[in-house]
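# A closer look at the structure
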Amino acid sequence: MPMKRDIATAVLLATLGASAASAQSLVYCSEGSPEGFDPALYTAGTTFDASSHPLYDKLVEFKTGTTEVVPGLAESWEVSDDGMTVTFKLREGVQFHSNDQFTPTRDLNADDVIFSFDRQGNSENPYNSVSGGTFEYYESMSMPDLVESIEKVDDYTVRFNLTRPEAPFIANMAMDFASILSKEYADAMMEAGTPEMLNQQPVGTGPFTFQAYQKDAVIRYLRNEDYWGDPAKVEALIFAITPDASVRYQKVQAGECHIMAYPNPADVQAMKDAEDIVVMEQEGLNVGYLAYNTNMEPFDNPNVRKALNMAIDKDAIIDVVFQGSGEVAKNPIPPTMWSYNDAVEDDEYDPEAARAMLEEEGVTDLSMKVWAMPVQRPYNPNARRMAELLQEDFAQVGVDVEIVSYEWGEYLERSKAEDRDGAVLLGWTGDNGDPDNFLAVLLGCDAVGNSNRANWCHEPFDEVIQEAKTKSTQEERTPLYEEAQVIFKEQAPWATIAHSVVFMTMRPEVEGYVVHPLGGHIFNQVGLSE
């Protein structure tokens with residue numbers, strides 16, 4: 001263990017021990033470090049857990065444990081009859097956090113809402129290029145084409161003028177990228193010449209305030225005593241960053257952490273059998289996949305992609321990697337989601353046919369890279385082991401695989417490249433319960449170079465999913481999404497691998513934790529018994 005993490009752990013233990021009697025500090029063993037603290041810049045759940053959930057609010061929110069949209073910073077909203085304007089009425093008296101660099105002089109108002117979205121879609125906004133300026137969700141969701149303008153009706157009324165009706169728009173506003181930041185703080189940091197502070201010293205309106213971050217070791221938060229909503233149950237929230245699942249469990253057993261995510265599947269039954277451990281589980285709204293780079297030969301050929309898919313023994317992957325906590329995926333959306341097309345037939349595991357198909361396409365002596373994630377995710381508990389199984393499967397059909405990996409933030413950034421070498425293991429947990437969040441965000445043409453890691457722009461598919469957005473009811477949208485899944489399977493930009501069960505492991509004194517179907521770990525209403 002590196003010395004800096006040793007020191008951080010010692011401090012963490014002291015903090016937990018000192019506060020155990022009053023049960024005021026909740027310690028969460030997280031699986032990785034956040035990329036930053038400005039949620040609009042990123043897509044990783046690890047980052048959202050550390051940023052948007054404790055520190056920020058959105059105009060609307062998902063009720064924890066459900067996909068139900070409830071009021072957030074907007075106490076109400078109204079959609080016009082033609083679906084082309086959406087008007088939000090903001091709460092009054094909502095206060096932003098303070099820090100050593102900034103003390104707000106006013107409450108949240110319409111200017112903050114407009115700033116939070118304008119910086120993502122307006123290239124002339126001075127914050128459009130700060131901290132990398134890659135607003136992956138905003139761009140992948142076609143927001144630049146959708147939002148014609150954002151209008152300040154008065155200090156507490158904001159109107160979004162759209163170029164077309166957008167069925168998932170309200171649910172999209174509850175997603176992490178739509179977190180509302182302080183324009184006053186942004187202006188102050190720009191004037192001070194330190195605009196990157198928005199991402200490094202976050203200021204929001206959320207239930208906790210940011211205190212400190214030691215990379216790869218610990219993040220500290222304190223309860224926001226001026227929070228507009230229900231106050232947090234604990235005075236302090238601590239993220240103990242612990243990449244190894246076995247070590248996370250050891251910390252829970254020892255009382256160093258109260259809650260951990262992503263246990264090793266092989267350990268789950270023993271955890272369930274332990275008297276002093278609580279295990280919650282829920283079927284995940286997720287999919288794990290291998291995304292080919294369809295820009296690059298020979299992966300630009302759908303027959304080659306189909307052949308490789310036929311070489312993958314997905315049942316073996318489920319047995320070895322998921323160990324009972326997953327099921328084979330055939331579609332890019334999970335079976336619990338409306339519009340799932342169960343009539344689609346999966347690619348049959350047939351190595352001999354796969355080898356013959358590759359030869360028919362003139363592909364021999366193929367060498368490729370398979371990218372393995374360095375962190376555990378609900379849709380892939382062991383990417384390195386999965387990559388090794390893929391390596392063995394592809395070797396059976398004459399394909400030589402080199403396994404590569406990078407630090408998580410670098411992995412996510414490098415894997416977006418349109419000239420990326422090889423196929424990348426990734427996955428997705430739904431953000432809003434809508435099929436659009438999978439089919440458009442991960443596979444639409446507007447998402448190429450961002451969240452569309454296959455770099456796949458197929459016009460027949462894109463036309464169908466874009467049309468589906470404009471329909472107002474699930475009955476109208478479902479046939480279009482079912483058609484999109486058929487096209488996806490024919491074109492095979494991914495090998496769909498698995499959908500998984502999500503497990504959360506915790507100590508018995510934890511009270512009020514709810515497993516969230518959208519994958520987030522939310523602690524503002526979690527307490528500890530005496």
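Refer to the structure above for everything that follows.
Before going into details, it helps to say that this report is about the structure given with it. These numbers come from a predicted model, not from an experiment.

With that settled, the discussion passes to the overall build of the protein chain. Each helix and strand counted, the protein chain has 19 helices and 20 strands in total. In terms of overall dimensions, the protein chain is globule-like: its C-alpha atoms have a radius of gyration of 23 Å, near the 24 Å expected for 530 residues. With the principal axes as the frame, the protein chain shows a C-alpha extent of 70 × 55 × 45 Å. The buried share of the protein chain, reckoned over its 530 residues, is 59%. Within the protein chain, contacts between residues separated by at least 24 positions form 71% of all contacts whose residues are at least 6 apart in sequence. With an accessible surface of roughly 20,000 Å², the protein chain has 44% of that area assigned to carbon and sulfur atoms. The positive charge centre, built from 37 side chains, and the negative charge centre, built from 89, are 3 Å apart in the protein chain.

Right, let's talk about the sheet that holds strand β4 (residues 74-79) for a bit. One open sheet holds the four strands; their spatial order is β4-β5-β7-β6, and the pairing between them is antiparallel. The open sheet has two edge strands, β4 and β6 (147-154), and neither has a second partner. The sheet shows a mean angle of 20° between the axes of neighbouring strands, direction not considered. Relative to strand β7 (residues 157-162), strand β5 (residues 85-90) runs antiparallel, the two sharing five bridges. Considered in β7, the bridge of F88 is made with V158.

Counting residues in each nonpolar core, the largest one holds 152 residues, and the members touching the most others are F88, F117, F160, F169, F177, I259 and F394. No other element matches strand β18 (residues 494-506), which puts seven residues into this core. Apart from the residues within four sequence positions on either side, F394 is in contact with L290, Y292, L308, A311, I312, M368, V399 and V401. Ranked by size, the runner-up nonpolar core spans 15 residues in total, among them C257, M260, V279 and F503.

This paragraph deals with helix α10 (residues 245-254). Spacing of three or four residues puts side chains on the same side of an α-helix, whose turn is 3.6 residues. Burial in α10 covers these residues: A245, R248, Y249, K251 and V252. Projected onto a plane normal to the axis of α10, the buried residues spread over an arc of 155° and lie on a single side. Positioned one or two residues after α10, G255 has a phi angle of 85°, which is positive.

Our focus in this paragraph is the pattern of salt bridges. Applying the stated criterion across every chain, the model contains 29 salt bridges. As a salt-bridge pair, K272 and E281 come within 2.6 Å of each other at their nearest N and O atoms. Assessed through its relative accessible area of 36%, K272 is described here as partly exposed. Of the residues examined, E281 reaches a relative accessible area of 44% and is grouped as partly exposed. With its nearest N and O atoms 3.8 Å apart, the salt bridge here joins K369 to D421. Here K369 is found in strand β15 (residues 367-371), whereas its partner D421 is found in the loop between α16 (408-414) and β17 (423-429), with 52 residues between them in sequence. The partly exposed category is assigned to K369, whose relative accessible area is 24%. For D421, a relative accessible area of 39% gives the class partly exposed.

Consecutive side chains of a regular strand alternate in pointing toward one face of the sheet and then the other. Bridge analysis of strand β8 (residues 208-214) against strand β9 (residues 218-223) gives six bridges, and the strand direction is antiparallel. Pairing of A212 across the sheet is with R220, part of β9. Here β8 folds back onto β9 in antiparallel fashion, the turn holding three residues, of which D216 has a positive phi close to 65°.

Of note, A383 is situated in helix α15 (residues 383-395). The class for A383 is buried, based on a relative accessible area of 3%. Spatially, the C-alpha atom of A383 lies 34 Å from that of F117, the residues being 266 residues apart in sequence. In this view, A383 contacts A372, M373 and L425; residues no more than four positions away in its chain are not counted.

Turning next to unusual backbone geometry. Look at the link from E297 to P298: it is a cis peptide, with omega at -5°. Residue placement: P298 occurs in the loop between β13 (286-291) and α12 (302-310). The phi torsion at Q323 lies on the positive side, around 50°, for a residue other than glycine. Mapped onto the secondary structure, Q323 falls in the loop between α13 (314-322) and β14 (326-328). On the basis of relative accessible area, Q323 is assigned to the partly exposed category, the value being 42%. Positive phi is not limited to glycine here, since A492 has a value of about 55°. Looking at where A492 falls in the secondary structure, it is placed in the loop between α19 (474-491) and β18.

Conventions and cut-offs
- Residues numbered from 1 in each chain as written.
- Predicted model: local features only at pLDDT ≥ 70, side-chain atom pairs only at ≥ 80, totals over all residues.
- Heavy atoms only, no water.
- Helix = DSSP H or I, 4+ residues; strand = E, 2+ residues; numbered from the N terminus.
- Rg over C-alpha atoms; globule rule 2.2 N^0.38 Å.
- Buried < 20%, exposed > 50% of the residue type's maximum accessible area, 1.4 Å probe, protein only.
- Contact = heavy atoms within 4.5 Å.
- Areas by Shrake-Rupley, 256 points an atom, 1.4 Å probe, with all protein chains shown as cover.
- Lys, Arg positive; Asp, Glu negative; His and termini not counted.
- Charge placed at Lys NZ, Arg CZ, Asp CG, Glu CD.
- Pairing = 2+ DSSP bridges.
- Axes fitted to C-alpha atoms, helices over the stretch in contact; angles between N-to-C directions.
- Core = buried A, V, L, I, M, F, W, Y, C linked by side-chain atoms within 4.5 Å.
- Arc of directions from axis to C-beta.
- Salt bridge = Lys/Arg side-chain N within 4 Å of Asp/Glu carboxyl O.

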